[in-house]
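Observations on chain architecture
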Amino acid sequence: ALIARTPMSHMVLGLANSGLANKRSGINLAPIDFDAEEKEGKELVLGASKLSHLSQKYLMDSATCLWCGRCHEVCPAAQTGKPLSPKTIMATCAEYMAQGKFDDDSLIDTIGQEAVFNCTTCGACIEECPVSNSPAEIVLELRRNFVMERSEMPDTMAAANANMEKRGHPFVGTSANVDDWKKGLEFEVPLFVPGETEYLLWLGCAVTYEERAQAIARAMVQILEAAGISYGTLEGPHCTGDPSKMMGNEMQFVETAQGNIEEFQEMKIQKVITMCAHCFNSFDRYYPELGADWQTIPHAVLIDQLIKDGKLKVRSSTEKITFHDPCYLARHNDIVDETRSVVSAVGQLIEMPRNRKDSFCCGAGGGNYWGGQGGTARISDVRTQEAFDTGADKIATSCPFCMLMLTSSATKHTEERKVFDVAELVLERLENKPAAAAH
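Right, let's walk through the structure included here. (Residues numbered from 1 in each chain as written. Predicted model: local features only at pLDDT ≥ 70, side-chain atom pairs only at ≥ 80, totals over all residues. Heavy atoms only, no water.)

Some points on the overall build of the chain
Scanning the chain for helices and strands turns up 21 helices and eight strands. The C-alpha atoms of the chain give 22 Å as radius of gyration, which agrees with the globular expectation for 439 residues (22 Å, within 12%). Taken along the three principal axes of its C-alpha coordinates, the chain extends 75 × 50 × 40 Å. The burial tally for the chain puts 57% of its 439 residues in the buried class. Expressed as a percentage of contacts within the chain between residues at least 6 apart in sequence, the contacts between residues at least 24 apart total 80%. Total accessible area on the chain stands at roughly 18100 Å², and carbon and sulfur atoms take up 48% of it. (Helix = DSSP H or I, 4+ residues; strand = E, 2+ residues; numbered from the N terminus. Rg over C-alpha atoms; globule rule 2.2 N^0.38 Å. Buried < 20%, exposed > 50% of the residue type's maximum accessible area, 1.4 Å probe, protein only. Contact = heavy atoms within 4.5 Å. Areas by Shrake-Rupley, 256 points an atom, 1.4 Å probe, with all protein chains shown as cover.)

Quick look at the structure:
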C-alpha cells in the first residue's frame with residue numbers, strides 16, 4: 001500500500017518506463033503532422049511550452065525520474081559550466097506535475113532559452129539513465145516551440161537557420177564553391193547515373209563548404225576508386241536538413257527532406273554512402289518516416305568491409321592513434337566496432353577513458369557548431385585534452401563536425417595537424433592507390 005505513496009514507487013515506475021522506452025538507441029523525436037489541423041481538426045502543436053504539450057511517455061519520464069544526477073554527470077553542457085542540466089529539466093517538469101500545472105505556459109521560460117539551446121543532442125543523458133528517461137527529447141520539444149512558435153533562438157543559430165532557408169546549407173559566409181573539394185584530384189569524379197551506378201556518395205554540407213572537411217571527400221573518392229566501387233555524386237549542393245531539425249525548425253527539415261527524397265526516387269537511388277554521422281542518422285532514422293526507402297551506410301563501415309573483403313590493401317604501422325566516437329554513430333546508432341577496426345588496420349589503437357557509447361561529445365551537435373560556447377570551458381577543448389593525454393600520435397574520428405571541432409581545439413596544443421578522419425588515415429596507408437585515369 002505504501003509503494004505508490006513513497007519513493008518506492010520508482011521500483012514499479014522504472015520497470016514500466018523501461019518497457020515503454022523506444023527500442024532504438026539515442027534520440028527518437030516524434031514527427032509533427034503539419035496537416036493534422038486540416039485533416040482531423042486537431043490543434044497543431046509546435047513543440048512544447050507546457051506539460052500538456054508533452055506526450056504521455058515524457059510525462060511518465062518526469063514522474064519516474066530518480067533525481068540521481070547521473071544524466072547531469074555525463075552531460076557535456078553541464079560539465080563545462082553551461083546552464084543546462086538534464087536533471088533540472090526532469091525535476092522542474094516533475095514539480096509542475098506535482099502542483100497540477102499542466103497548462104502553465106511558464107514551464108518553458110522557467111527552464112529557459114539558454115539552457116534549452118545548450119543541448120548538443122549527444123544523447124548521453126538517455127544512455128546513462130537507469131530508468132530509460134529521455135531528457136534530451138523533452139529539451140528538443142521545448143526547442144521546437146522556441147523556434148517555430150515564438151521565433152526565438154540564439155543569434156548565431158538564427159543566422160545558420162536563415163542561410164538554410166536562402167541557400168540550402170547552414171554555413172554562413174563561406175567562400176567555398178560546391179566543387180572546391182575536388183581540387184587536386186587526378187581523375188574526374190563521376191556523377192550518379194540512374195540504373196548504372198550502385199552507390200551514391202552523399203557529400204553533405206560540411207564536407208562541401210568547410211575547407212578542412214573537404215579532404216574527407218577527396219580521400220573517400222580515392223578509396224572508392226582503389227576498391228573498384230561503382231559510385232557517383234549529385235550535382236549541386238545538398239544538405240539532409242539535420243541542422244534545421246536539431247536546432248528546432250522541423251518545418252524546414254521536412255521541406256528539405258521531402259525535396260531530397262523526391263530527387264532520390266526519381267534517380268532510383270538504393271544505396272547511399274555518408275561521410276557525416278549526422279547525415280547518416282537523418283537518412284536512417286527520420287527519412288523513412290517521410291517515405292525514404294534506401295539503404296544508408298556510413299563511410300567508416302564501408303571502408304571496414306572493403307578492407308575485410310581484400311578490396312583495400314593497407315599497410316599497418318606502430319603509430320599510436322586514439323579514436324573519438326561521434327555521438328551520432330556510437331550512442332545513437334551503436335556503431336563502435338567497425339570504426340575501431342579501421343583504425344586498428346592502419347595503426348595502434350589507444351582508447352581514451354571515455355569511449356564507445358560512453359564517449360564525450362565534441363560539442364557540435366544540436367546546432368552548437370554555430371552556437372555560443374559560454375560556460376567555464378569549450379566542450380571540444382575538454383575532449384581534445386583527453387585525446388592528447390593518451391599520448392597518441394594522431395586523433396581519428398569519422399564525422400566532419402567532430403573533426404572540425406577537435407581540430408580547432410588541437411591548435412591550442414600544437415601547430416602540427418593532429419586530427420584526421422579515418423578515410424584520410426586509410427588513404428595514407430593504402431597500397432593499391434587508384435590510377436590517375438579519368439572516367
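Concerning the pattern of salt bridges
Counting across every chain of the model gives 23 salt bridges. With a shortest N-O distance of 2.7 Å, Glu386 and Arg383 are connected by a salt bridge. Placement of both Glu386 and Arg383 in helix α19 (residues 379–389) is noted, with a separation of three residues, approximately one turn of the helix. The two residues Glu386 and Arg383 agree in class, both being buried. In this structure, the salt-bridge partner of Glu428 is Lys394, at a minimum N-O distance of 3.0 Å. (Salt bridge = Lys/Arg side-chain N within 4 Å of Asp/Glu carboxyl O.)

A few points about the side chain of Thr384
The residue Thr384 is located in helix α19 in this model. Sequence-distant contacts of Thr384, defined by excluding residues within four places in its chain, comprise Leu406, Ser409, Ala410 and His413.

Thoughts on the pairing of strand β3 (residues 271–274)
Bridge count for strand β1 (residues 199–202) against β3 is three bridges, and the pairing is parallel. Among the inter-strand pairings, Trp202 is bridged to a residue of β3, identified as Thr274. Bridge analysis of β3 against strand β4 (residues 295–298) gives four bridges, and the strand direction is parallel. Opposite Val272, over in β4, you have Thr296 as the bridge partner. What joins β3 to β4 is helix α15 (residues 277–286), and the crossover it makes is right-handed. (Pairing = 2+ DSSP bridges. Right-handed = clockwise from strand over helix to strand, strands pointing away.)

With respect to the state of the cysteines
Under the definition given, this model contains zero disulfides. Cys65 supplies the cysteine sulfur nearest to Cys93, a cysteine that is in no disulfide, at a spacing of 9.6 Å. Here Cys279 stays unpaired: no disulfide links it, and the sulfur of Cys276, its closest cysteine neighbor, is 4.0 Å away. Owing to a relative accessible area of 5%, Cys279 belongs among the buried residues under this scheme. (Disulfide = S-S within 2.5 Å.)

Overview of the nonpolar core
Counting 136 residues, the largest nonpolar core has Met220, Phe264, Ile303 and Leu312 as its most contacted members. Top contributing element to this core by residue count: helix α12 (residues 211–227), with 10 residues. Not counting chain neighbours up to four residues away, the residues in contact with Phe264 comprise Leu200, Trp202, Leu234, Ile269, Val272, Phe283 and Trp294. (Core = buried A, V, L, I, M, F, W, Y, C linked by side-chain atoms within 4.5 Å.)

A few points about the sheet that holds strand β8 (residues 419–421)
Taken together, four strands build an open sheet; the order of strands is β6-β5-β7-β8 and the sheet is parallel. Both edges of this open sheet fall to β6 (348–350) and β8, since each of them pairs with a single strand only. Shown here is a sheet whose adjacent strand axes are inclined to one another by a mean of 40°, direction ignored. Two strands pair when backbone bridges link them, and strand β7 (residues 394–397) and β8 are joined in this way by three bridges, in the parallel orientation. Among the inter-strand pairings, Thr397 is bridged to a residue of β8, identified as Asp421. (Axes fitted to C-alpha atoms, helices over the stretch in contact; angles between N-to-C directions.)

Some words on the packing of helix α1 (residues 9–20) against helix α3 (residues 56–64)
When two helices pack together, their arrangement is given by the angle between the helix axes and by the axis-to-axis distance. The geometry of α1 relative to α3 is characterised by a closest axis approach of 9 Å and an angle of 150° between their N-to-C directions. Note on packing geometry: the crossing formed by α1 with α3 is left-handed. Where α1 abuts α3, its residues His10, Leu13, Gly14, Ala16, Asn17 and Leu20 lie against Lys57, Met60, Asp61, Ala63 and Thr64. In terms of residue class, the contact of α1 with α3 is built from five nonpolar, four polar and two charged. (Left-handed = near helix turned anticlockwise from the far one by under 90°. Nonpolar A, V, L, I, M, F, W, Y, C, P; charged D, E, K, R; others polar.)

A closer look at the layout of surface pockets
By volume, the largest pocket amounts to about 710 Å³. Lining the largest pocket are 35 residues, and of these Asn28, Ala30, Ser55, Tyr58 and Glu137 lie nearest its centre. Counting residues per element, the ones that place at least two in the lining of the largest pocket are α3, α8 (124–128) and α9 (135–149). (1 Å grid on protein atoms, 1.4 Å probe; cavity = no way out; pocket = protein on both sides within 12 Å on 5 of 7 lines; lining within 4 Å. Points joined across faces, edges and corners; volume = space filled by probe spheres on them.)

Re the packing of aromatic side chains
Scanning all chains against the criterion turns up 17 aromatic pairs. Taking 6.0 Å as the distance between ring centres and 50° as the angle between the ring planes, the aromatic pair formed by Phe117 and Phe146 counts as tilted. With Phe117 in helix α7 (residues 113–118) and Phe146 in helix α9, this residue pair connects regions lying 29 residues apart in the sequence. The same class applies to Phe117 as to Phe146, namely buried. Judged by centre distance (6.2 Å) and plane angle (15°), the rings of Phe171 and Phe401 are stacked. Of this pair, Phe171 sits in the loop between α10 (155–167) and β1 while Phe401 is found in helix α20 (residues 400–410), placing the two residues 230 residues apart along the sequence. (Phe/Tyr/Trp six-rings, centres within 6.5 Å; stacked < 30°, edge-to-face > 60°.)

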